[in-house]
Amino acid sequence: MKNLLKGFTVKDFVVISIGDFLVALGLFFFLMPNSIAAGGVNGLAMVINNYLPFISIGMLMWIMNIILFIVAFLIIGPSFGAKTIYASFLLSGYIVVLEKIYPVFKPITGDVMLEMIIGIIIQGIGMAIIFNANASTGGTDIIAKILNKFFSFDIGKSLLITDVVVTLFAGITFGIAKGLYALVTVTMNGLLIDKAIESFNALKEVKIISSENEKIKEFIMNELERGTTVYHGEGGFTQKPMEILSTVVSKRQFITLKNYIKTIDKNAFIKVYDVYETFGEGFKNIVG
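Rules of the game
Residues numbered from 1 in each chain as written. Predicted model: local features only at pLDDT ≥ 70, side-chain atom pairs only at ≥ 80, totals over all residues. Heavy atoms only, no water. Helix = DSSP H or I, 4+ residues; strand = E, 2+ residues; numbered from the N terminus. Rg over C-alpha atoms; globule rule 2.2 N^0.38 Å. Contact = heavy atoms within 4.5 Å. Pairing = 2+ DSSP bridges. Axes fitted to C-alpha atoms, helices over the stretch in contact; angles between N-to-C directions. Polar contact = N/O pair within 3.5 Å; in protein donor to acceptor, adjacent residues only side chain to side chain. Phe/Tyr/Trp six-rings, centres within 6.5 Å; stacked < 30°, edge-to-face > 60°. Buried < 20%, exposed > 50% of the residue type's maximum accessible area, 1.4 Å probe, protein only. Lys NZ or Arg CZ within 6 Å of the ring centre and 35° of its normal. Patch = residues over 30% accessible without salt bridge, like charges linked within 9 Å, V, L, I, M, F, W, Y side chains within 5 Å. Areas by Shrake-Rupley, 256 points an atom, 1.4 Å probe, with all protein chains shown as cover. Salt bridge = Lys/Arg side-chain N within 4 Å of Asp/Glu carboxyl O.

Quick look at the overall build of the protein now. Per the secondary structure count, the protein includes 10 helices and 4 strands. Ordered by position from the N terminus, the helices and strands of the protein form the series α-α-α-α-α-α-α-α-β-α-β-β-α-β. Here the C-alpha radius of gyration of the protein, 24 Å, is well above what a compact globule of 288 residues would show, namely 19 Å. Its C-alpha atoms give the protein principal-axis dimensions of about 75 × 45 × 35 Å. Sequence separation of at least 24 residues holds for 72% of the intrachain contacts in the protein that already meet a minimum separation of 6.

Structure representation (C-alpha cells):
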C-alpha cells in the first residue's frame, strides 16, 4: 500500500480531477453522442453498450477497470500506483454522473467532423494534464503492459494495437465511417496530447556571453531565483578567455531576463533553446 500511494500529493489529486473532468466532457458531449469509440476502455464500453444498452457506458467502464486492475495486480504488481487507479475510477464516475444528469443526450450540432475535432481538443488537453501528473486513465495502459510483459512489445506499439482493435470493433458495430472517425480521433488525440504536454513543460535554456556576466549571474540567482552554470571558453576570433552563463527559466522569466540584459549590456550575445522537460532542484522531481 505504501508503494501504491508513493508520490500522490494533494496537488496531484486536484490536477488529476481537473484533467479527468475535461476528458469526461470531451467524451460525453462530443464523442459518445456520435458513436466515436476512440480506443481505450471508454471506446470499448461504447461498443459493448450498443449490444447491452441496459448497462450504462460509465458502469461498463467501472466494471472493466475493476477487472483490469485485478488482473494487473496479479500479473504486473502494484507498480502503476494510486494515481492511475484514482484517475481511471474518477473518469468512470464522472461519466456515470453525466449519464444521470443527461440520460438521453444527442449530438449538439449534428456535424460529426466538427464535434469530433472539439471532442479531441477537450479530451486531449485533459489527458495531457493527467499524463503530466504522472498518471493515466488505466484501461488500455494495463493491457499494453501485459502485452509488453508476455510478448515483448514496446508500450507504444502495445497501446497502438489495443486502440486499433477497439476502433476495429467500433467499425463493425457502428459502421465503417464511424470506425474511420474513431481511427482519426486516436491518431489526432495522441499528437495533441504530446504537443500539450510539451507546452505545459516548456522552458527556455539561455546561454549568455556578456561583459556584465557578474551582474547577470546575480540577477538570475537573486531576482529570478534560478541557478546558473558558468562555462569557461575562449573567443575564436579574439582568442581571449571568456565566461558563458547558462540557465533554464520559464518563458516569462526569460522576458524579464532579456529586458534586464538589454539595460546593462546591449552588445550581449544570447542564445535561446526550447526545453520540453527539466528535472532537478527547482524543477520536476525525477523520481515522482
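And the narrative resumes.
Right, let's talk about the sheet that holds strand 2 (residues 229–234) for a bit. With respect to topology, 4 strands assemble into an open sheet ordered 2-3-1-4, the strand pairing being antiparallel. Strand pairing shows two members of the sheet lacking a second neighbour, strand 2 and strand 4 (269–275), which therefore form its edges. The sheet shows a mean angle of 20° between the axes of neighbouring strands, taken without regard to direction. Where strand 1 (residues 203–209) lies against strand 3 (residues 241–249), 5 bridges are found, and the strand directions are antiparallel.

Within the secondary structure, Lys83 is located in helix 4 (residues 81–101). At 3.1 Å, the side chain of Lys83 and the backbone oxygen of Ala133 are in polar contact.

Right, let's talk about the pairing of strand 2 for a bit. Where strand 2 and strand 3 come together, 6 bridges link them in antiparallel fashion. When the sheet's bridge partners are listed, Glu234 is paired in strand 3 with Pro241. Counting the residues between successive antiparallel strands, the hairpin from strand 2 to strand 3 contains 6 residues, one of them, Gln239, with a positive phi of roughly 60°.

Turning to its location among the elements, Ile161 is positioned in helix 7 (residues 155–174). Along the backbone, Ile161 and Leu147 are 14 residues apart, and their C-alpha atoms lie at a distance of 9.6 Å.

The next point concerns the packing of aromatic side chains. Overall, the coordinates contain 7 aromatic pairs when judged by the stated rule. Pairing Phe21 with Tyr94 gives two aromatic rings, centres 5.4 Å apart and planes at 70°, and the pair type is edge-to-face. One end of the pair, Phe21, is in helix 1 (residues 10–31); the other, Tyr94, is in helix 4, with 73 residues separating them in the sequence. When its relative accessible area of 21% is taken as the criterion, Tyr94 is described as partly exposed. An angle of 75° between the planes, with centres 5.6 Å apart, marks the rings of Phe29 and Tyr102 as edge-to-face. Here Phe29, found in helix 1, pairs with Tyr102, found in the loop between helix 4 and helix 5 (112–132); they are 73 residues apart in sequence, far enough to count as distant. Put simply, the rings of Phe28, Phe29 and Tyr102 touch in pairs and so form one group of aromatic residues. Directly above the ring of Tyr231 sits Lys207, whose terminal nitrogen or CZ lies 5.8 Å from the centroid.

What follows is about a nonpolar patch on the surface. Taken together, the side chains of Tyr51, Leu52, Phe54, Ile161, Val165, Leu168, Phe169 and Ile172 present a nonpolar region at the surface, about 820 Å² in accessible area. Here the element with the most residues in the nonpolar patch is helix 7; it accounts for 5 residues. Given a relative accessible area of 37%, Ile161 falls into the partly exposed group.

Taken by themselves, the reported measurements are silent on function.
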